[in-house]
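Reading the structure
What follows is the residue order along each chain.
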Amino acid sequence: MDKITTVLLQLSLITPFVMLLIAALVTCGLLRGNPRWPVITGVALTSLVAVTCLCFFGSRLTQQAYSLRLLNWLPLAGEGDPQLQIDVLFDPVSLAFYGLISLASLFFLLLHPKSDIGFVSDRRYSWPLYLLGFSAAIGVVLSANFLELFFFWMILSISLNLLHEVTFQSSSAAEPVHRHWWGWSAFSDAMLLLTLYLIHSSFSSLDFLKTLQPAATQAVHIQNRVALPGIGVTLFLAAVPRLGLFPASALVISNSRPWPALSLAALNLLAMPAGLFLLIRCAPLLLTIDATRTLVSQLAMVSAFLTGFSACCLMRREAWDRCLNWLAATLTGILVATLGFNVLESITDLLPVIVVQTCVISLLLSLVCWQREQTIPAASLPALRVGLLLLLTAVIINLGGLLNPLITARATSPGLRNEVLLWLMLPLIGVYLFGLTRFYFALSRQTGINSSSPFPRFLLWIITGLVCLLTAVTLFPLPFVPRFWQSPLISSGPDPFDRDWLFCSFYFLAVLVALILAWMTAPRNRAARTQRAASSLLHLGETHYHASDLLSRAVIQPAQMLVKSVTFLDDWLTGVLSRSTLEKLPRLWGQLLSHMQNGQTAFPTLVLIFTLSILILVLMILH
């Protein structure tokens, strides 16, 4: 291993913890300064190291993974006992989540309004606590064994709990604070600890390279058929509170007060990526058993339906912070359901979708903070509208990355139940896109104010351009851009439309319907409101009525007239033919009788006469 590789592996985990120490010294008053700047500096340096690692290791990870031991912390006496060792592991999954957590947190902190910085009471401690959670999330995604992952998972739980406590602490608030986050964090930690016990009992090891190999999982399944299903269920339950899936999605409504910005950022930019990483890292333990895959996909879809419905209901109350949190939970439900449908070879197709969508959510979270404080100047609204439109375009293009995994799952998962569940993914994607489009219209159509606080328009343009560039790089390689993604989506396989044109057609139809409905139900400009605006559902009902009336006049009524004309013509033709036939039959009958008298017919003629007689009798009865 060369020196550059060793230095990058060391800096990836050491950098955030060193800056955490500096931020703690500043917060305690031992060093002078604002606690915000050590946190932003630490996240920025970590992001720089992450981008450097993506550019350096991007093309090399297709051949091998890189691992380095930083600290042999708690060596135990027994060789078979688990050892707490701080290692760093670089593979496509860990490197993607490393860059995701770093860039998403950096985007949010750079665009976060400075007026939200509070030094009242103990709120100044929220900044180092966020950096502690950020460092723990980096440790989770760079772990090389389950014991190290559990160690950083516990630190992440503690930092999230303390962060919520500090940000919600306010002496002027009359209503009490419901601390449901302690229970959900304890549940997640307990489930992960139980998972570690089951894995060590079944595999006699906690190392990723030994427990996640296909040969090892098959051997354990042959030896004990209930081991892998138990491990899969406990893993999924450990990830549910981090992902915000139902019923843990109710955490954001446990308190009537608005959630602070750093708490929302920790839930969406630290906890959710950590939960997704746990499921994707342990996918060989989840996807080996069909029953576990079915359970994970069904529960994730149910959760996505509930959180999507909740987000659409909150849109009428303009609670955009909680609405955005539930849209993020809907996205995680879609991703987990797609993960449950697929095989191990299709997991890497989900990584670009996770990275781009989370970066977009980080930008929207910062804009929610500006909108909640109503400090967006009127001169910055055009730039805000263009930036939001570019982000929405990037979201729509990036969601196409779900087509290949869903089509692969549809081809490899026969059965009516799986077919129905896969088709239900299309309205789920439509609901998620509908929520983001409504969010775009709500922010772009609001009125600006004469605020003295400067809005970071230049930073918004730069970060929006970086997100759009990241979206393009994940689709296809660009010239003069480092290839830090090993398999672009467009070049990774055949065209999805050629593989399954029907599913792709309905996917684009769902996207189009979601955009049209979001546009039809979008709120109007607040400056033009002189009275209470009508309900968006009423506008939707009126539009549906006019569309139905136009459809009736253009298609249904002409079709009914055509049917009546064809029926009348059929009755007239039948009547004319019946009368002419009855008038000619007696003359033909007489001619046949005369031929029989002259001896010009034989026995077949007699048979024909009897047959015609029977037919004439039947026609007379029917007429």
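Preceding this paragraph is the structure being described.
Residues numbered from 1 in each chain as written. Predicted model: local features only at pLDDT ≥ 70, side-chain atom pairs only at ≥ 80, totals over all residues. Heavy atoms only, no water.

Notes on the overall build of the protein chain
Note the cut-off: Helix and strand assignments come from DSSP, with helices taken as H or I runs of at least 4 residues and strands as E runs of at least 2, each series counted from the N terminus. Buried, partly exposed and exposed residues are distinguished by accessible area as a fraction of the type maximum, computed with a 1.4 Å probe on protein chains only: under 20%, between the cut-offs, and over 50%, respectively. We call two residues in contact whenever any of their non-hydrogen atoms come within 4.5 Å of each other. Only the protein chains shown count as cover for residues, and the accessible areas themselves come from Shrake-Rupley with a 1.4 Å probe.
A tally of regular secondary structure across the protein chain gives 22 helices and two strands. Looking at the protein chain as a whole, 50% of its 623 residues are labelled buried. In the protein chain, the share of contacts with a sequence separation of at least 24, taken over all contacts with a separation of at least 6, comes to 82%. Here the protein chain has roughly 29500 Å² of accessible surface; of this, 67% comes from carbon and sulfur atoms.

Thoughts on the environment of Pro 405
With respect to the helices and strands, Pro 405 occurs in helix H16 (residues 403-412). A relative accessible area of 0% places Pro 405 in the buried class. Separated by 66 residues in sequence, Pro 405 and Leu 339 have C-alpha atoms that sit 8.4 Å apart.

Let's talk about helix H14 (residues 351-373)
Under the convention used in this document: Between the first and last residue of a helix there are one fewer steps than residues, each counted as 1.5 Å, and that sum is the expected span.
Helix length check: H14, at 23 residues, gives a terminal C-alpha distance of 34 Å against a target of 33 Å (1.5 Å per residue), a fit within 8%. Of all 23 residues that make up H14, 21 are buried, and the element is covered over most of its length.

Digging into the side chain of His 164
Note the cut-off: The definition of a polar contact used here is a pair of N or O atoms within 3.5 Å, where within protein one atom must be able to donate a hydrogen and the other to accept one, and adjacent residues in sequence count solely through side-chain atom pairs.
Tracing the backbone through its elements, the reader meets His 164 in helix H5 (residues 146-168). For His 164, a relative accessible area of 1% corresponds to the buried category. A polar contact of 3.2 Å, which involves the side chain of His 164, links it to the side chain of Ser 263. Contacts of His 164, omitting those with residues within four sequence positions, involve Trp 181, Trp 259, Ser 263 and Leu 267.

Description of the environment of Val 296
Here Val 296 is to be found in helix H12 (residues 290-314). You can call Val 296 buried: its relative accessible area is 6%. The sequence separation of Val 296 and Leu 237 amounts to 59 residues, and the corresponding C-alpha distance is 9.7 Å. What Val 296 contacts, discounting residues up to four positions off in sequence, is Phe 236, Leu 286 and Val 336.

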